[in-house]
Structure formats: structure tokens, C-alpha cells
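Next come the chains, spelled out residue by residue.
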Amino acid sequence: MAKSTTPRLQAPKPTIERPPAIRGLLAPDRFMKLLGLVLFIVAAVLPFVTATPYIISILTSAFIYIVLAMGLNVVVGYAGLLDLGYIAFMAVGAYTSGILTTQFGLSMLETLPFVVIACIVAGVIIGGPTLRLRSDYLAIVTLGFGEIIRITANNLKITGGPSGIHGIPTWSFFGWSFADGLDVFGIHFNAKILFYYFVLFIGIGVAVVAVSRLGRGKLGRAWKSVRDDEDVSEAMGINGYATKLLAYIIGAVWGGFAGTLMAGHLTAIAPNSFEFLYSALVLMAVVLGGMGSTPGVIIGALFVSLAPEFLREFSEWRFLLFGVLLVVAMIFRPRGIWPANAVLPFLKKRQIPEVPATEVVGVIGTVDDTAVSDRAFGEAAVGDAPAGGTASDSTATTPNEEEGKR
């Protein structure tokens, strides 16, 4: 088969040269990664500085809130689905692991597959028929779903009714449990310290890395497209319903995993632990920190979980002060403490040069005024010809043409 000799079209060259990416420690991406690594190391070293049961307990709860908020960030921050009953998925995970460990003798590690399946089923049941709704209608439906789960757990015998489930064992791996403790280089780590490190390295580490990569990938871009304008995204070929349902299922699995961690941390769960207030607190952490922003969600979760503890010395006034802090934060940072596109002022930004102004092109050559007038005269003569005549009858000849014919 003969090859086509048609020349290939060449793309036009850009009018401006794209500047190179910023390198060095002050580059925004590298600086944020280094800052996150430093904070992660500080959290890992903290038990060697102070290991009081109170500090370890509240920090472990704060880390679990980070895992829970990262899951809600997928639903609200990436996909734009307002969920007011997200704590229900945490209840599904906590009760599933609690029932399997206390009544069937499974370890917490062995309950993870069942927790994932239960959360997927719960996500499909609530998300399947309702994710075609939008904005306030979806929020009302999810709020009702959260209350249904709590009331169901309050009335079932297998869930312990209003008393809940007690005596949930801590995590164990192939016969070794956190309750046994661990000695490393002469340093003894008790069960609370081991669980603290487990939530830090496994819970937060996996949650932050996985959610961040999902947000930057193809699926994350589809979520953000649906969030910004669902109709336009569907016109571009994105299945909005399937995309939202997948976001809801992933968020449900993350919430169930956080519930499993909370059940192992508290060793007891009850329906009162999954009221609407806790859904509002997790949503507040995402909105306060910055929707769609991984650093913002971490900051928001730490603020929501630790601020009431730091204000405990004010006794009855602490929740009033907590509310005032929330109002002040929203007034001065309406897009969140750390929005998704935030860059610290002292970091280097890549400067995009301005597009140069279009240059004026002069006329090339000269124009003969006489030739222009003769051509205009001839065109006018053709235009004035009668409708029934021919072109030869209506064509006017100039004196120069008459002389040429002679």
C-alpha cells in the first residue's frame, strides 16, 4: 500500500516560552511534603517526650478523626456531595467489628474484610437510590440515613441495645496482641502506645497517601468535574451518577475503617456515640480546614478534636469559646484555614510572563490610485447592466481597451 505523500500539519509554536518548574526547598510542593514529614516525625517522637495516658488518649482520638475526615473529604471535598449522616458509616464499621470480635471470636484484623463489605453494601443502599438528588435534598436524605442507623442499633438485641457492646479487644496479629506490650532496646511500649503508633503509621499514613493520590488521579479529576458542574461533565462524557456513587462507596469504606479503629481504642461502643452532633463535627472539620485540601482537612480535624480539650480548664465556658473560635475562623478564612489552592506567602511561585502585545504590520508595496478607480468604475458598470442583457452587452470598455482593439 502506497504511503500518503500529504505533508503532516505542524502545530504552531507557542508565542511565549513556558517557565521551568520551581526547584529547591521553597518550591510549594516540596516544602509541603517536607513540612508534613517533619510533623509526622514530631508525632512519632512525642511519646518519648511525654507519654501520659491522657495525652496519648486524646491524640489517638484526634488521629482517628483525621482518618474519618479524610474519608468525608472524598465525598464532600472532591465530589461535592453534602453528607450530614456520615457518622453512620463509622457506626457500621464499629458495630461490625464489635459483634464479630465479642460474639464470634474473630480478631480485629480478621474483621476488616467484613467491615469493607458491610460499608460497601451500606453505601450502595443509601447512595444507589438517592445520589440522583442534589444539594439540600441529598443532605436531608443522608441525615435521615444517619438517624436510621443509630435508631436501628438502639433497638437490636445483637448490637446490645442502648447499652451497646463492651469488652471489644484491641488489635492482634497472628497470636500477638497490643495488650502483650513490646520491648524494643530496653524500652517498654504498652498497649496504648502501640495503638497510638498503629493509628499514626497505618491509619493516617495510608489515609493521607491514598486520598491525596486519588484526588490527583483520573478519578479525582472526574470527581472535581462533577462537583463544579455536573451537567457539563456529563456532556464531556463523564458518568456523573457512577462517579458520585464510587465516591460515596470509597468514603463509606474509609468511615468504616475509622469506626473499627475507634472501637479498638475505646473497647466499648453505644448508639449515643453516633449522634448527629458527631456528623456535624466531622463535616465542620472538612469545611473549616478547606474542602478538597489534604493539609486543610488534617488541620480542621485536629482543631475540632483538640480545641475542646485545650479549653477544658474554662469549665462551662469552653463550648462557648469553641463556638466563638469557629465563628472567627469562618469570618477571616471563609474558604477554610488552608484551601486547596493555598500557597504560603514566602514560597516561590512560578511567574508566567505576560503575552506580548501584537505588533502592527505595515502595508507592503504601493497602491496605484488610478488602477483602483478604473476597477471600481468597471464593477459599477457591471452592476448597472439590465436584467435581460448579457455580460458582453453590459460590459463597459475603457479608452485604453478601445485603442488596443484598433
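Treat the numbers as computed from the prediction; the structure is a model and nothing was measured.

Attention now goes to the pattern of salt bridges. Enumeration according to the criterion identifies four salt bridges in this entry. Notably, a salt bridge pairs Arg227 with Asp228, separated by 3.3 Å at the nearest N-O pair. Assessed through its relative accessible area of 35%, Arg227 is described here as partly exposed. A relative accessible area of 58% means that Asp228 is categorised as exposed. Measuring nitrogen to oxygen at the nearest pair gives 3.0 Å for the salt bridge that ties Arg312 to Glu309. Accessibility expressed as a relative area gives 40% for Arg312, which makes it partly exposed.

End to end, helix H4 (residues 108-130) covers 32 Å across 23 residues, agreeing with the expected 33 Å (1.5 Å per residue, within 8%). Bending of H4 peaks at approximately 30° at the position of Phe114. Turning to H4, its buried residues are Met108, Thr111, Val115, Cys119, Ala122, Gly123, Ile126, Gly127, Gly128 and Thr130. Buried positions along H4 lie against helix H3 (87-103), helix H5 (135-155) and helix H9 (240-266).

This paragraph deals with helix H12 (residues 318-332). With 15 residues, H12 ought to run about 21 Å at 1.5 Å a step, and its terminal C-alpha atoms sit 21 Å apart, in line with that. Within H12 the residues assigned to the buried category are Arg318, Phe322, Leu326 and Ala329. Angularly, the buried residues of H12 cover 85° about the axis, an arc narrow enough to put them on a single face. Turned more than 90 degrees off the buried face of H12, the exposed positions are Ile331 and Phe332. Tucked into the core, H12 has its buried residues touching helix H10 (276-289) and helix H11 (294-310).

Turning next to the packing of aromatic side chains. Per the counting criterion, the structure on display carries 20 aromatic pairs. Centroid distance Phe89 to Tyr248: 5.5 Å. Interplanar angle 80°. Geometry classified as edge-to-face. Placement of the pair is Phe89 in helix H3 and Tyr248 in helix H9, with a sequence separation of 159 residues. One exposure class covers both Phe89 and Tyr248, and it is buried.

Moving on to the layout of surface pockets. Roughly 1,800 Å³ of internal volume is contained in the largest pocket. Together, 50 residues line the largest pocket, and Met32, Val208, Thr294, Pro295 and Ile298 are the ones closest to its centre. Of all the elements in the fold, those that place two or more residues in the lining of the largest pocket are helix H1 (28-49), helix H2 (53-78), helix H6 (191-216), helix H7 (218-228) and H11. Residue classes in the lining of the largest pocket are distributed as 34 nonpolar, nine polar and seven charged. Estimated volume of the second largest pocket: approximately 640 Å³. Around the second largest pocket sit 25 residues that line it, and Tyr65, Tyr278, Leu281, Ser305 and Glu309 are the ones nearest its centre. For the lining of the second largest pocket, the secondary-structure elements that each account for two or more residues are H2, H3, H9, H10, H11 and H12. The dominant element in the lining of the second largest pocket, judged by the number of residues it contributes, is H2, at six residues.

The rules we used
Residues numbered from 1 in each chain as written. Predicted model: local features only at pLDDT ≥ 70, side-chain atom pairs only at ≥ 80, totals over all residues. Heavy atoms only, no water. Salt bridge = Lys/Arg side-chain N within 4 Å of Asp/Glu carboxyl O. Buried < 20%, exposed > 50% of the residue type's maximum accessible area, 1.4 Å probe, protein only. Helix = DSSP H or I, 4+ residues; strand = E, 2+ residues; numbered from the N terminus. Expected span 1.5 Å × (residues − 1). Bend = angle between axes of the 7 residues up to and from the residue. Contact = heavy atoms within 4.5 Å. Arc of directions from axis to C-beta. Phe/Tyr/Trp six-rings, centres within 6.5 Å; stacked < 30°, edge-to-face > 60°. 1 Å grid on protein atoms, 1.4 Å probe; cavity = no way out; pocket = protein on both sides within 12 Å on 5 of 7 lines; lining within 4 Å. Points joined across faces, edges and corners; volume = space filled by probe spheres on them. Nonpolar A, V, L, I, M, F, W, Y, C, P; charged D, E, K, R; others polar.

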